[in-house]
Amino acid sequence: MKLEVGHDDRYNVLYRHGGEVFFRSRENGFHMGDTLLSVKWNLLDPLSQSFGLAARGGLELPTGNEESGFGSGRLDGTVGLLGQKLFTPSFAGYAGLDHVFRKSPTSFRGIGAAHVTHAHLSFEKVFSETLSATLQSDYQTQPLDGGKIQEYDRPEWSLSFGVGFRMGEGVGLRVFFVEDLITHTTPDFVAGMSLSLAF
């Protein structure tokens with residue numbers, strides 16, 4: 001199968017073969033991706049020895065639209081390690097390594113899903129009990145296996161900055177901005193918001 005791929009600086013993506021479109025991702029609109037449910041086990045407590053280590057695992061629920069490229073259409077699993085170093089009571093560094101076991105999307109004929117390895121390095125500054133800021137760099141292998149297509153046969157690397165707000169006991173809100181460092185592999189710039197709940 002030969003795939004035709006089109007894209008531009010606004011990150012419009014098109015996979016087409018024989019006049020039939022297999023998936024199309026446009027720049028406009030709001031889209032929901034797959035939902036990650038994760039658990040974490042603390043192996044070393046950073047509060048007692050200034051260095052922490054945790055193992056984590058999770059399941060990605062297929063809530064995203066696979067035909068638009070925002071989901072796999074399958075149940076995927078993740079495993080990983082997370083390290084934490086406290087430099088001062090208000091400044092910490094984090095490093096993480098995760099691996100996602102992916103199954104090929106059901107509607108992407110001729111386009112497979114590759115297992116993904118993701119690594120990140122970040123630093124967090126806490127200003128108060130309710131305000132913090134984070135600088136993070138992320139690197140991951142290509143999640144799609146579309147053959148020898150130059151634009152999509154390379155890893156993703158990004159730099160992000162986020163501001164976190166503690167809204168209550170166990171409730172956090174984070175606003176973040178992401179800039180890609182390898183062109184044509186991820187959207188050039190992303191702004192987003194996430195809500196976290198701790199039980």
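Heads up: these notes are all about the structure in this document. For clarity, every value in this text was computed on a predicted model and none was experimentally measured.

### Things to note about the pattern of salt bridges
Applying the stated rule across the entire model yields two salt bridges. One salt bridge connects Arg56 with Asp98, and the closest N-O pair in it is separated by 2.8 Å. Taken as a pair, Arg56 in strand S5 (residues 51-61) and Asp98 in strand S7 (residues 91-101) lie far apart in primary sequence, 42 residues in all. On the basis of relative accessibility, which here comes to 26%, the residue Arg56 falls in the partly exposed class. Residue classification places Asp98 among the buried positions, given a relative accessible area of 14%. Across the pair Glu169 and Arg166 runs a salt bridge, and its minimum N-O distance is 3.0 Å.

### Considering a nonpolar patch on the surface
Side chains of Leu135, Tyr139, Trp157, Leu159, Phe161, Phe177, Leu181 and Phe189 sit close together on the surface and give an oily, nonpolar patch of about 770 Å² of accessible area. Top element by residues in the nonpolar patch is strand S12 (residues 156-168). It accounts for three residues. Mapped onto the elements of the fold, Leu159 is located in strand S12. Leu159 sits in the partly exposed class, given a relative accessible area of 39%.

### Observations regarding the sheet that holds strand S9 (residues 116-126)
Picture the strands of a sheet paired through backbone hydrogen bonds; they go either parallel or antiparallel. Pairing within the open sheet is antiparallel, and its nine strands lie in the order S4-S5-S6-S7-S9-S10-S12-S13-S14. At either end of the open sheet lies a strand with only one pairing partner, and these are strand S4 (35-44) and strand S14 (189-197). The mean inter-strand angle of the sheet, taken between neighbouring strand axes irrespective of direction, is 20 degrees. Bridge count between S7 and S9: 10 bridges; the pairing is antiparallel. The residue bridging Asp98 from the neighbouring strand is His118, located in S9.

Thresholds applied
- Residue positions within a chain follow its written sequence, with the count starting from 1.
- A pLDDT threshold of at least 70 governs which residues receive local features in this predicted model, and a stricter bar of 80 or more applies before side-chain atom pairs are shown or counted, although totals over entire chains, interfaces and linings include all residues.
- Computation of side-chain values covers all heavy atoms of the structure but excludes hydrogens and water.
- When a carboxyl oxygen of Asp or Glu is within 4 Å of a side-chain nitrogen of Lys or Arg, the pair counts as a salt bridge.
- Runs of H or I in DSSP of at least four residues are treated as helices and runs of E of at least two as strands, each being numbered from the N terminus.
- Here the term buried applies to any residue with accessible area under 20% of the maximum for its type, exposed to any over 50%, and partly exposed to those in between, with areas from a 1.4 Å probe on protein chains only.
- Patches were defined on residues exceeding 30% relative accessible area and lacking a salt bridge, with like-charge contacts within 9 Å and nonpolar side-chain contacts (Val, Leu, Ile, Met, Phe, Trp, Tyr) within 5 Å.
- Method for areas: the Shrake-Rupley scheme with a 1.4 Å probe, in which residue coverage is limited to the protein chains shown.
- Here the rule is simple: two strands pair whenever DSSP picks up at least two bridges between them.
- Angles shown run from 0 to 180 degrees and are taken between the N-to-C directions of axes, each axis being a line fitted to C-alpha atoms and, for helices, limited to the stretch in contact.

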